[in-house]
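# Inside the fold
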Amino acid sequence: MSSIQKTHEGLPASLILLLAASAGFGVAALYYSQPMLGELGPDIGASARSVGFVPTLTQLGYALGILLLAPLGDRFDRRRIILAKAAVLVLALLGAAFSPSVAPLLAASLVIGLAATMAQDVVPAAATLAPEAHRGRIVGTVMTGLLLGILLSRVVSGFVAEHFGWRTMFVVAAASIAFIGVAVARGLPHLRPTTQLGYGALLGSLVQLWRKHGALRRATFAQGLLSVGFSAFWSTLAVMLHGAPFHLGSAAAGAFGLAGAAGALAAPIAGRLADRRGPELVIRMGAALVVVSFAAMLFAPLMAPAARLALIVASAIGFDFGLQAALIAHQTVVYGIDPGARSRLNAVFFTGVFIGMAAGSALGALVLAQWGWSGVALMAAVSALGALGVRMWPAGGKPAAACGSAA
């Protein structure tokens, strides 16, 4: 299938669904482990500190994969790249499922992160296939699938791990990626490369893009700071709920993903609003909501356990909604900088995002051990406030209101 017929509204619904599902199932592989850490560690005889490196290495692998592999989408057919990464991801997930100890599990986690970057080939593909007038809406819809993959993966993995074991979850994940691979092979059109640069020059151009485009730097810094708190929350939630006064299992930790999934509703809304009003307003509103949501959790220690849980659920809904709205608006900015370099721009942007995610996972575990849950909430609120500060600072001396398309 070398070309597709676009509808007057953009793309066929079946293709948008395929893109959304591919992004969602691909990125979900990064997060299956998080609610399972409380059960995974004792089963393979690993300490809590050791298994804490599982999500950290997965996020680090994802950041490295975005930096080193995602730029290839401008040089080669993205369809073939997605299929190759899907095959590697299936093998890595099976490797995690059958790991006898923590060392091979950590190695498999790193490869899972590298191969899960198939999701970051899907989103630029959607931006390329979409007509300009509907790009925000279509990218927002595909990102809804990606975000639901992130959030609902925790729900599914928590339930499966508690009832069928953590190894079963990794096998099920491998099967889901194999299914997506077949669907992509049948339904995704070929995409022409936009450059003939060699691999070295392709990577070198990332530095040039970073230096040339202030809009890219601001978007990367701001979304990276927002991601620190997001990752710190989700990577420490299961450990916090497992202890006093809650004593809840992995299924309960995973169920919090249902609260966060409400944030996925922000994606299409933010996409439409960015198309109509410009992305800057959406970014600032989203970042402000993240600050308020994390700051609210600082009051949790003053409440009874039931009220504390309710506050955490409400805050999860709030910060997920705000973060995803900011993400969609930032992508609208980034994809509009240079259409011929979308994969490379995406690589730079999401490398920063997932460096923030990896830092949040690592810092969250340390802060939780040292200062408890209030420390995690404070760290997340401060990092989000930093992101808001980046967006409020005028770009290049221009009035803030003029930064909608060049922010």
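Anything mentioned here points back to the structure above.
Residues numbered from 1 in each chain as written. Predicted model: local features only at pLDDT ≥ 70, side-chain atom pairs only at ≥ 80, totals over all residues. Heavy atoms only, no water.

## Details of the packing of helix H8 (residues 135–164) against helix H15 (residues 305–335)
Rules: To get an axis, fit a line to the C-alpha atoms, keeping to the stretch in contact for a helix; angles then go from 0 to 180 degrees between the N-to-C directions. Counting from the N terminus, the helices are DSSP H or I runs at least four residues long and the strands are E runs at least two residues long. Any angle that is under 35 degrees is reported as roughly parallel, and any over 145 degrees as roughly antiparallel; angles of 65 to 115 degrees are reported as roughly perpendicular and all others as oblique. By convention the crossing between two helices is left-handed if the near helix lies anticlockwise of the far one by an angle smaller than a right angle, and right-handed if it lies clockwise. Whether two residues touch is decided by their heavy atoms; if any such pair falls within 4.5 Å, the residues are in contact.
Running from N to C, H8 and H15 cross one another at 140 degrees; their axes reach a closest spacing of 11 Å. In terms of their interaxial angle, H8 and H15 are classed as oblique. Between H8 and H15 lies a crossing of right-handed hand. The segment H8 lies against H15, with Val 139, Gly 140, Met 143, Leu 147 and Leu 151 engaging Asp 320, Gln 324, Leu 327, Ile 328, Gln 331 and Tyr 335.

## A closer look at helix H11 (residues 214–242)
The condition that has to hold: The span you would expect from a helix comes to 1.5 Å times its residue count less one. Note that the bend at a residue is defined as the angle between axes fitted to the seven residues ending at it and the seven residues starting at it. Accessibility here uses a 1.4 Å probe with only protein chains present; expressed as a share of the type maximum, an area under 20% marks a residue as buried, one over 50% as exposed, and anything in between as partly exposed.
Here H11 is 29 residues long and its end C-alpha atoms lie 43 Å apart, about the 42 Å a rise of 1.5 Å per residue gives. In H11, a bend of some 40 degrees at Thr 236 exceeds every other bend along the element. With 23 of 29 residues buried, H11 is to be regarded as a mostly interior element.

## A closer look at empty space enclosed by the protein
The condition is simple: The method works on a 1 Å grid over the protein atoms by themselves. A cavity is a set of points holding a 1.4 Å probe that cannot get out, a pocket is an open set with protein on both sides within 12 Å along at least five of seven lines, and residues with an atom within 4 Å of a point line them. Grid points are joined across faces, edges and corners, and a volume is the space filled by probe spheres set on the points.
Evaluated as defined, the whole model comprises 2 cavities of 30 Å³ or more. As a volume, the largest cavity reaches approximately 120 Å³. Among the secondary structure elements, those contributing two or more residues to the lining of the largest cavity are H8, H11, H15 and helix H16 (342–392). With 4 residues, the top contributor of residues to the lining of the largest cavity is H16.

## Some remarks on the environment of Leu 129
Mapped onto the elements, Leu 129 comes out in helix H7 (residues 119–129). On the basis of relative accessible area, Leu 129 is assigned to the buried category, the value being 9%.

Interpretation note: all reported values are geometric properties and have no functional meaning in isolation.
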